[in-house]
Amino acid sequence: MNAESLLVSASINIGLALLILTLFSVLRKQPSNAPIYYARRLSQHHHVSFHPRFFPWRLLPSVEWVSSALRVTEAEILDNCGLDVYVFVRLFKFGTNFFMVCSVVGLLVLLPLNYKAGGKGSPRYSMDSFTISNISSGSNWLWVHCSCLYFLSCYGLYLLYKEYDNILHKRIHQLHRMRHEPNQFTVLVREIPLCEEHKAQDCCVDHFFSKYHPHSYQSYQILYDGRDLERLLKEAISVSRKIGNLKHHSPNRRNGRNFYLSDSSKYDADIEQFNEILQELLRNIRHLQSKDLLQEKELPVAFVTFKSRWGAALAAQSQQHSDPLLWITEMAPEPRDVVWNNLAIPYRFLPLRKFWFYIAASLLTIFFTVPVAAVQGIAKFEQLAKWFLPAMAIKLIPGLSSIVTGYLPSAILNCFVYTVPFAMIQMSKLAGYISRSKKDIKVCNMVFYFLVANVFFLSLLSGSLLDQIGESFIHPKDFPSRLASAVSAQADFFMTYILTNGLSGFSLEILQPGLLIWDTIKSHTWDRGKKKRPYLYSLPYYRTIPYISLCILIGMVYAVVSPVLLLFLVGYFFLGYVVFINQIHDVYISTYETCGQYWPYIHHYIIIAIAIMQITMIGLFGLKSKPAASFATIPLLLFTLLFNEYCKIRFFPTFCHWSVKDAMELDELDEKSGAMDANLRNATDAYCPPCLRPPDFEDVESSSLEPLISSRYNNHYLGTASTGDWKPSA
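Attention in this report is confined to the structure presented alongside it.

Reading guide: rules and limits
Residues numbered from 1 in each chain as written. Predicted model: local features only at pLDDT ≥ 70, side-chain atom pairs only at ≥ 80, totals over all residues. Heavy atoms only, no water. Axes fitted to C-alpha atoms, helices over the stretch in contact; angles between N-to-C directions. Helix = DSSP H or I, 4+ residues; strand = E, 2+ residues; numbered from the N terminus. Parallel < 35°, antiparallel > 145°, perpendicular 65-115°, else oblique. Left-handed = near helix turned anticlockwise from the far one by under 90°. Contact = heavy atoms within 4.5 Å. Nonpolar A, V, L, I, M, F, W, Y, C, P; charged D, E, K, R; others polar. Salt bridge = Lys/Arg side-chain N within 4 Å of Asp/Glu carboxyl O. Buried < 20%, exposed > 50% of the residue type's maximum accessible area, 1.4 Å probe, protein only. Polar contact = N/O pair within 3.5 Å; in protein donor to acceptor, adjacent residues only side chain to side chain. Pairing = 2+ DSSP bridges. Core = buried A, V, L, I, M, F, W, Y, C linked by side-chain atoms within 4.5 Å. Disulfide = S-S within 2.5 Å. 1 Å grid on protein atoms, 1.4 Å probe; cavity = no way out; pocket = protein on both sides within 12 Å on 5 of 7 lines; lining within 4 Å. Points joined across faces, edges and corners; volume = space filled by probe spheres on them. Arc of directions from axis to C-beta. Patch = residues over 30% accessible without salt bridge, like charges linked within 9 Å, V, L, I, M, F, W, Y side chains within 5 Å. Areas by Shrake-Rupley, 256 points an atom, 1.4 Å probe, with all protein chains shown as cover.

### Focus: the packing of helix α6 (residues 83-116) against helix α25 (residues 541-561)
Relative to each other, α6 and α25 sit at 20°, their axes nearing to 9 Å. Viewed along their axes, α6 and α25 adopt a mutual orientation that is roughly parallel. Crossing angle aside, the handedness with which α6 passes α25 is left-handed. Within the contact between the two elements, α6 uses D84, V85, F88, L91, F92, F94, F98, F99, C102, L110 and N114 and α25 uses Y541, T544, I545, I548, S549, C551, I552, G555, M556, A559, V560 and V561. For the contact of α6 with α25, the per-class residue count stands at 18 nonpolar, 4 polar and 1 charged.

Structure representation (structure tokens):
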């Protein structure tokens, strides 16, 4: 790719980003779009004020949302959104801090060195003249690159250590703040044996924990196979919604007295019929919830509540039986985090289900090698045209070849890869994870490795093969060295990838075009005239963290090889930070809180990135006939691996287990404040399974998430009073 193609790609992406962000700044001022752009605020019953009348300033774009996002502090994020969101924000901060320093080193030291000290005679208009490829083989200037590699690696490890230590302390503080949460007193118990005397698991739980945990055991909640009940509950909710729709569209309500008697009678008859169906469903639900029928559907799973966190921690982190496949315990997830249906899966089947999940993910990875290779074929259009002569016609149209090679490959690749997290999250249902947080973390892992394999390594491999395939057949002995040069050869492609993923991706993230289209269709069809409710979604960790981590990997690998790419990364992380702070503050809600358990995985991803950077430089120094520099880099790689092992010993256990010391301190704090009894009552009632909860259909359509959008003089939507008033910026 030449400089012209890169400039075309940058121009298209910057133009699209400016257009989308301009459109967002206008649409967010319209009251009808508040359920999309202020969903979190509305769900918390905060007023969002709009001017009552239409004024031209509503159609004027502004950047006030950027300054509003920059004013949000990390303390506010931690207090209002939790530690998981804080960890996500710190990932952007890490990228910004690291690549700012990399940019200073790269632009002030490496880039002038690559351009001036080059001995290859690269064309002035080529991007290769600014990369390490321009340095002559055996040149002593390569020691400057080796020194920069040492500096940047050590700086990255220093930032990682600081972040890990900071988040560890934040995790302990967050556990103190969440000491009222029921999961701190509750243990999930699986593989409960059948009581031979009563032929049930119910009494067995009480006997076991009363005997072996007599001083700390409080109560238990056995679980049941509630598929029949859940089916009836869904039917009852569906019928209740139909009744609500009929009442909403009834002639009585719409036209006052101006209606035909026959129409009114028809609506009344339909409502009466559905009411009879609903009452019959409720009778069936109450019948299935009777004790005798429930006992027949008991599962070998229970939530056991303890009188103290100390007792729960000891029970969850110790083996309860000599047979390790009986009385399996772990700390319970938050009640809102539990995937109830997966608790019915027998524990001994879980390894097999996870195996099939890994097989499905591997097949998906293999399947995506085809579009990734095709994308590289487009990116290497000059070489492809030699073998496929009809492609030469593209050159006849001025500027089209620059669009095809500069913008099209990264755009197509991003479109293909965008679907991967959603496919992975669907396949994760095979694995049977008991909580949404565990499922999201595992999918986050799988998506990251998919991106590393397909987007990074396969792009390098397919690009180098298409570029050098002719010479490799003629000189097969040179194939390894040609493959080793793939990193520097593919720098321009990854520049366009980061441009597209960052500018277009983040811009579409904040615009939410899918929701806009859906809301427009719904508001003008079946939901016409109804009160709008906010579109509530949780922050998609499994989708965003892997993409950001991949960009960190690309940036680290090219920090020494091609410093020009660092400029794009600084812009990538700044725009991403502003966009997601806005989304976190106004749009996304928290559906679970793991107290920072994402960070050990993020730490692992960045360690992989640093190790790949060092391995790449070892190969490049060898390719540049500087074996001394290659051998000098090996101790740095070993130090990185040892640092990672130290962090596993120093930090990781605290993220996996709950120390007895911290549990005891929180218990003592509750005893002194008198909050222990209230916390225990809350924990005892928190894990009632959905099939045992009393059905509530009084307010299916207008739930507690009633929108609250008001103007100074009139209400666009109706709602209850709330604390806090906020007005969107002009």
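So much for the structure itself; the text now carries on.
### Quick word on the pattern of salt bridges
Pairing between side chains of opposite charge can happen when the charged atoms of each approach one another. A full pass over the atoms with the stated rule returns 19 salt bridges. Between R348 and E191 there is a salt bridge; the shortest N-O distance is 3.4 Å. With R348 in the loop between β5 (328-331) and α14 (350-367) and E191 in the loop between β2 (186-190) and α8 (202-212), this pair connects stretches of sequence that are 157 residues apart. Note that K661 and E665 form a salt bridge whose closest N and O atoms lie 2.9 Å from each other. Placement of the pair is K661 and E665 together in helix α30 (residues 660-673), with a separation of 4 residues, close to one helical turn. Overall, E665 belongs to the partly exposed group, its relative accessible area being 33%. Here the residues in one salt-bridge network are E74, R90, K93 and E163, joined through shared partners.

### So, the side chain of R41
By the element assignment, R41 lies in helix α3 (residues 39-43). In this structure the side chain of R41 is engaged in a polar contact, spanning 3.1 Å, whose partner is the side chain of H585.

### Overview of the pairing of β2
Here β2 lies mainly inside the structure; 5 of its 5 residues are buried. Here β2 shows two buried faces, one formed by T186, L188 and R190 and the other by V187 and V189. Taken together, the 4 bridges between β2 and β5 define a ladder with antiparallel strand orientation. Looking at the pairing, L188 lines up with E330 of β5.

### Remarks on the nonpolar core
With 149 residues, the main nonpolar core has M424, M556 and Y558 as its most contacted residues. With near-sequence residues (within four places) excluded, M424 lies in contact with F357, A361, L364, V443, M446, V447 and F450.

### Some details on the packing of α14 against helix α19 (residues 420-427)
Viewed as axis vectors pointing N to C, α14 and α19 meet at an angle of 160°, and their least axial separation amounts to 10 Å. In this view, α14 runs roughly antiparallel relative to α19, as classed from their interaxial angle. Crossing handedness for the pair α14 and α19: right-handed. Packed against α14, whose contacting residues are F357, A360, A361 and L364, the element α19 presents V420, A423, M424 and M427 at the interface.

### With respect to the state of the cysteines
Think of a disulfide as a covalent bridge from one cysteine sulfur atom to another cysteine sulfur atom. Evaluated as defined, the whole model comprises 0 disulfides. Of all cysteine sulfurs, the one in C148 lies closest to C102, which takes part in no disulfide; the gap is 9.7 Å. The closest cysteine sulfur to the non-disulfide-bonded C146 is located on C148, 9.4 Å from its own sulfur.

### With respect to the sheet that holds β5
Consider a sheet: its strands pair through backbone hydrogen bonds, and that pairing is either parallel or antiparallel. Across the sheet, which stays open at both edges, the 4 strands sit in the order β3-β4-β2-β5 with antiparallel pairing between neighbours. Each having just a single partner strand, β3 (217-224) and β5 make up the two edges of the open sheet. Between one strand axis and the next, the sheet turns by 25° as a mean value, whatever way the strands run. Here β3 runs beside strand β4 (residues 298-306); their pairing, made up of 6 bridges, is antiparallel. Opposite Y220, over in β4, you have V304 as the bridge partner. Packing of α8 onto the sheet brings it into contact with β2, β3 and β4, and relative to β3 it is tilted by some 155°. Contacts between helix α31 (residues 676-686) and the sheet are confined to β2, β3 and β4, with β4 contributing the most and set at about 175° to the helix.

### Notes on empty space enclosed by the protein
By rolling a water-sized probe across the atoms, one finds the places where empty space is left. Tallied over the entire structure, the rule returns 4 cavities of 30 Å³ or more. Size it by volume and the largest cavity reaches roughly 90 Å³. What lines the largest cavity is simply R40, C81, V85, S538, L539, Y541, I584, Y588, I589, S590, T591 and Y592. For the lining of the largest cavity, the class distribution of residues is 8 nonpolar, 3 polar and 1 charged. Empty space within the second largest cavity amounts to approximately 50 Å³. When residues of the lining of the second largest cavity are traced back to their parent elements, those giving at least two are α9 (227-249) and α12 (291-295). Broken down by class, the residue content of the lining of the second largest cavity amounts to 4 nonpolar, 1 polar and 3 charged.

### Overview of helix α5 (residues 74-81)
Those residues of α5 lying buried are E74, I77, L78 and C81. The buried residues of α5 all sit within an arc of 105° when viewed along its axis, so they share a single face. Buried residues in α5 make contact with α3, α6, α7 (142-177) and α26 (564-586). Trailing α5 by a residue or two, G82 shows a phi angle of about 105°, which is positive.

### Some remarks on the environment of L7
Here L7 is to be found in helix α1 (residues 3-27). L7 sits in the exposed class, given a relative accessible area of 58%.

### Observations concerning a nonpolar patch on the surface
Together, L352, F355, W356, I359, L363, I366 and L430 make up an exposed nonpolar region whose accessible area comes to about 700 Å². By relative accessible area, which is 44% here, F355 ends up partly exposed.

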